[in-house]
Every structure is written in C-alpha cells, then in structure tokens.
Amino acid sequence: NKYPVLFAARNTEFGQLKGALTLREGKFQLDNFLITATDWVAKGQGWMGLDQSLDMRTVVLLSRELSTDLIADVKGLKYLTNKEGRLEIPVALTGTLPRVTPQPDLAYVSRLLQRRLIGEGIEEVTKGLQKPKSRPAEQPLQPGTGSPPPAKPPEKRPEEELLKGLKDLFRK
C-alpha cells in the first residue's frame, strides 16, 4: 500500500484542526473549519445538532502525488483538479451520527465542471482560430492505401467521465 497512513491506519491523525464554533438554536455552527492530515486538507462549514444530526459541506484537497495516482486509476477525476493539479473533491456529510456518509456535492461538481468546460471551450476556440483547418478534400492520405486516415472514435463526454470517476472513488 503506497499510502498506509491514509488507507491502512486505524485512526486518522490530524496535523491541524481549527474553525469557528458557535452554539445557536440547538445546533453547533462550525464556520471556516480547516482539517489537515498527511495527504489531504478539508475546508468547509456546516452544523451538528444536539441530537447528533449533521449537515456539513466540505472541499477535500488531496496532495499532488495522491491526486496523480487516483487520476491514473479513475480517468474522470481529472475534471476535479485545480490549477496545481490537485484533486478538489466536494463532499456533503449529512445524516445522524454514527450513520453519516460522505457523498459528492453534485451542485458544487456541476459548477466546477461548467467552469472547466467553458475554459476548455475557450481554449479550443482559440486554437481553432490560430491554425487554419484543412478542407476534407485536402486531408493527407494514409500511406499505401490512397484513402484518408480512419475517423477517431468519439470521446466520452466530460460530465459522464466525471460522474463515473466520483462513483468509483466513493465505492473504494
């Protein structure tokens, strides 16, 4: 196991745990919390009721090395990387302790994917404007066949890859 502290340890050791905690209307409100561990950082906000109900929204930022390894296994996760190539995984924690399960925050994922696709779309348009496109009649012929190269198979849509990646990640 390449990450024994993360995946094989019985307990998680935190390097830092901080945030603003207030008790209001029977709930502990936790704002601007930060939790750090060996290969990840979690930031977010939310609340926990006196009845142990929980509603938290977090973004888990993985180390660059862990991000690279996970993306190698689950290709669709590449759409959740930030500018530094680190995975930013939005997670919603809801339920009543101890039965709280992490789920991808799909509203956050949708906004992130839209920003990413708009950025890629602008990049593609810019590339298209910079180099002239050849007309189909001018396509180079495949050596020895006298015909154009075969068409590339259609790529999966980014949102399909991302959803598959998140499902795979949360199953592990």
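Residues numbered from 1 in each chain as written. Predicted model: local features only at pLDDT ≥ 70, side-chain atom pairs only at ≥ 80, totals over all residues. Heavy atoms only, no water.

A. Main features of the overall build of the protein. A tally of helices and strands in the protein yields four helices and six strands. Order of helices (α) and strands (β) in the protein, N terminus to C terminus: α-β-β-β-β-α-β-β-α-α. In the protein, buried positions account for 31% of the 172 residues. Accessible surface, the protein: about 12,400 Å² in total, of which carbon and sulfur atoms supply 56%. (Helix = DSSP H or I, 4+ residues; strand = E, 2+ residues; numbered from the N terminus. Buried < 20%, exposed > 50% of the residue type's maximum accessible area, 1.4 Å probe, protein only. Areas by Shrake-Rupley, 256 points an atom, 1.4 Å probe, with all protein chains shown as cover.)

B. Summary view of the nonpolar core. Trp 40, Val 60, Leu 62, Leu 70, Leu 77, Leu 80 and Leu 87 are the most contacted members of the largest nonpolar core, which has 23 residues in total. Contributing elements (two or more residues each) for this core: strand 2 (27-36), strand 3 (40-49), strand 4 (53-62), helix 2 (64-73), strand 5 (88-96) and helix 3 (106-130). If one sorts the elements of this core by residue count, strand 4 sits on top with four residues. (Core = buried A, V, L, I, M, F, W, Y, C linked by side-chain atoms within 4.5 Å.)

C. Representation of the sheet that holds strand 2 in the model. Taking strand neighbours across the sheet as the criterion, the six strands line up as 1-2-3-4-5-6 in an open arrangement whose pairing is antiparallel. The open sheet has two free edges, formed respectively by strand 1 (16-24) and strand 6 (99-104), since each of these has just one partner strand. Averaged over all neighbouring strand pairs, the angle between strand axes comes to 15°, with direction disregarded. Where strand 5 meets strand 6, six bridges bridge the pair, whose relative direction is antiparallel. Considered in strand 6, the bridge of Val 91 is made with Pro 104. (Pairing = 2+ DSSP bridges. Axes fitted to C-alpha atoms, helices over the stretch in contact; angles between N-to-C directions.)

D. Broad picture of the confidence of the model for the protein. On average, residues of the protein score 79 in pLDDT, and 66% of them are at 70 or above. Across the protein, the secondary-structure element scoring lowest on mean pLDDT is helix 4 (residues 158-171), at 62, and the one scoring highest is strand 3, at 95. (pLDDT = per-residue confidence, 0-100.)

E. Just a nonpolar patch on the surface, in detail. A contiguous nonpolar patch, built from Leu 21, Leu 23, Phe 28 and Leu 50 and spanning about 410 Å² of accessible area, is present on the exposed surface. Here Leu 23 is to be found in strand 1. The class for Leu 23 is exposed, based on a relative accessible area of 54%. (Patch = residues over 30% accessible without salt bridge, like charges linked within 9 Å, V, L, I, M, F, W, Y side chains within 5 Å. Salt bridge = Lys/Arg side-chain N within 4 Å of Asp/Glu carboxyl O.)

F. Local environment of the layout of surface pockets. For the second largest pocket, the calculated volume is near 220 Å³. Along the walls of the second largest pocket sit Leu 80, Thr 81, Asn 82, Lys 83, Glu 88, Leu 112, Arg 115 and Arg 116, which together make up its complete lining. It is helix 3 that contributes the most residues to the lining of the second largest pocket, three residues altogether. (1 Å grid on protein atoms, 1.4 Å probe; cavity = no way out; pocket = protein on both sides within 12 Å on 5 of 7 lines; lining within 4 Å. Points joined across faces, edges and corners; volume = space filled by probe spheres on them.)

G. View of the pattern of salt bridges. With the rule as written, the count across this model stands at one salt bridge. Taking the shortest distance from any N to any O, the salt bridge between Arg 57 and Asp 55 comes out at 3.1 Å.

H. A look at unusual backbone geometry. Here the bond from Leu 97 into Pro 98 is cis, since omega is 5°, no more than 30 degrees from zero. Position of Pro 98 relative to the elements: it lies in the loop between strand 5 and strand 6. The backbone of Asn 32 shows a phi angle near 50°, a positive value even though the residue is not glycine. Locating Asn 32 in the fold gives a position in strand 2.

I. Fine view of the packing of aromatic side chains. If you walk through the whole model with that rule in mind, you get one aromatic pair. Summarising the aromatic geometry, the rings of Phe 14 and Trp 40 are spaced 6.2 Å apart at their centres and angled 85° between planes, so their arrangement reads as edge-to-face. Of this pair, Phe 14 sits in the loop between helix 1 (4-7) and strand 1 while Trp 40 sits in strand 3, and the two are 26 residues apart along the sequence. (Phe/Tyr/Trp six-rings, centres within 6.5 Å; stacked < 30°, edge-to-face > 60°.)

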